[in-house]
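# Geometric and topological summary
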Amino acid sequence: MKTIQSEFGRYLEDFEEGTIIRHWPGKTITESDNNLFSLLTMNHHPVHLDQFYAENAQHGKVLVVGTLVFSLAVGLTVRDISGKAIANLNYSEVLHKGPVHIGDTLYAETEILSVRPSKSKADRGVVKVTTKAFNQNEELVLLFTREVLVLRKDKNE
């Protein structure tokens, strides 16, 4: 019997500019997810917590907290992008492109924009990516760019 070890994360050499990675599985956002996140982060805006209020607001139903959507989108990418990361160096251009509601399922895909070795340490490098999050109807709901400091395989064996 052959045993194969599942890999979590990628080394710098495993990233190639222009590659698009579709992350799986998605995550369906529950009312509990949204309520807990709202309370933990002290975001008590009624559009996120009060169904009656939200029904009479712009979107007509409870709106999932935007930072929860962002956090989940980042989380969906961890296995493929930052699983071997030393650090997330920055996040930029976080753009909320559409509403997310309770019961929506988020999916994400990431494009590798650039890959470069570190100038100061030979055992690592920087990967720049853009991630898009979509709902179950394939509507774009979030877009962000980040740079991740990742280990090099050839310097860490």
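Residues numbered from 1 in each chain as written. Predicted model: local features only at pLDDT ≥ 70, side-chain atom pairs only at ≥ 80, totals over all residues. Heavy atoms only, no water.

## A look at the overall build of the protein chain
Scanning the protein chain from terminus to terminus reveals four helices and five strands. When the helices and strands of the protein chain are read in sequence order from the N terminus, they spell out β-α-α-α-α-β-β-β-β. Dimensions of the protein chain, computed from C-alpha atoms along their principal axes, come out at roughly 55 × 45 × 30 Å. Burial analysis of the protein chain (157 residues in total) assigns 37% to the buried set. Considering only intrachain contacts with a sequence separation of at least 6, the fraction spanning at least 24 residues in the protein chain is 71%. One finds the centroid of the 18 positive side-chain charges in the protein chain at a distance of 7 Å from the centroid of its 20 negative side-chain charges. (Helix = DSSP H or I, 4+ residues; strand = E, 2+ residues; numbered from the N terminus. Buried < 20%, exposed > 50% of the residue type's maximum accessible area, 1.4 Å probe, protein only. Contact = heavy atoms within 4.5 Å. Lys, Arg positive; Asp, Glu negative; His and termini not counted. Charge placed at Lys NZ, Arg CZ, Asp CG, Glu CD.)

## Focus on the side chain of Asp104
With respect to the helices, strands and loops of the structure, Asp104 is situated in the loop between β2 (85-96) and β3 (105-117). Within the buried set, Asp104 has no salt-bridge partner at all; the shortest N-O distance to an opposite charge, 5.8 Å, is to Lys61. Separated by 3.1 Å, the side chains of Asp104 and Gln136 make a polar contact. Once residues within four sequence positions are removed from consideration, Asp104 is found in contact with Lys27, Thr28, Ile29, Pro99 and Gln136. (Salt bridge = Lys/Arg side-chain N within 4 Å of Asp/Glu carboxyl O. Polar contact = N/O pair within 3.5 Å; in protein donor to acceptor, adjacent residues only side chain to side chain.)

## Observations concerning the environment of Ser82
Note that Ser82 resides in helix α4 (residues 66-82). For Ser82, a relative accessible area of 12% translates into the label buried. Each C-alpha atom of the pair Ser82 and Glu147 lies 9.8 Å from the other, and the pair is 65 residues apart in sequence.

## A closer look at the pairing of β3
Sheet topology note: the strand β1 (residues 20-28)/β3 ladder contains six bridges and is antiparallel. Among the inter-strand pairings, Lys27 is bridged to a residue of β3, identified as Leu106. With ten bridges joining them, β3 and strand β4 (residues 124-134) adopt antiparallel strand pairing. Note on β4: the bridge partner recorded for Glu109 is Lys132. Linking β3 to β4, which pair antiparallel, is a turn of six residues. (Pairing = 2+ DSSP bridges.)

## Quick notes on the nonpolar core
Core analysis: the largest hydrophobic core is formed by 18 residues, its most contacted members being Ile29, Leu68, Val100, Leu106 and Leu142. Going through the elements one at a time, α4, β3 and β5 (140-151) are the ones with two or more residues in this core. If sequence neighbours within four positions are ignored, Leu142 has contacts with Val69, Phe70, Ala73, Val94, Leu95, His96, Lys97, Thr131, Lys132 and Ala133. Core analysis: the next-biggest nonpolar cluster, separate from the first, contains nine residues, Phe15, Ile81, Val127 and Val129 among them. (Core = buried A, V, L, I, M, F, W, Y, C linked by side-chain atoms within 4.5 Å.)

## A look at the packing of helix α1 (residues 31-40) against α4
The N-to-C vectors of α1 and α4 enclose an angle of 110°; their axes lie 10 Å apart at closest approach. The orientation of α1 with respect to α4, classified from their angle, is roughly perpendicular. For α1 against α4, the interelement crossing comes out right-handed. The residues of α4 that touch α1, namely those facing Asp33, Asn34 and Phe37, are Thr67, Leu68 and Ser71. A per-class count over the contact of α1 with α4 returns two nonpolar, three polar and one charged. (Axes fitted to C-alpha atoms, helices over the stretch in contact; angles between N-to-C directions. Parallel < 35°, antiparallel > 145°, perpendicular 65-115°, else oblique. Left-handed = near helix turned anticlockwise from the far one by under 90°. Nonpolar A, V, L, I, M, F, W, Y, C, P; charged D, E, K, R; others polar.)

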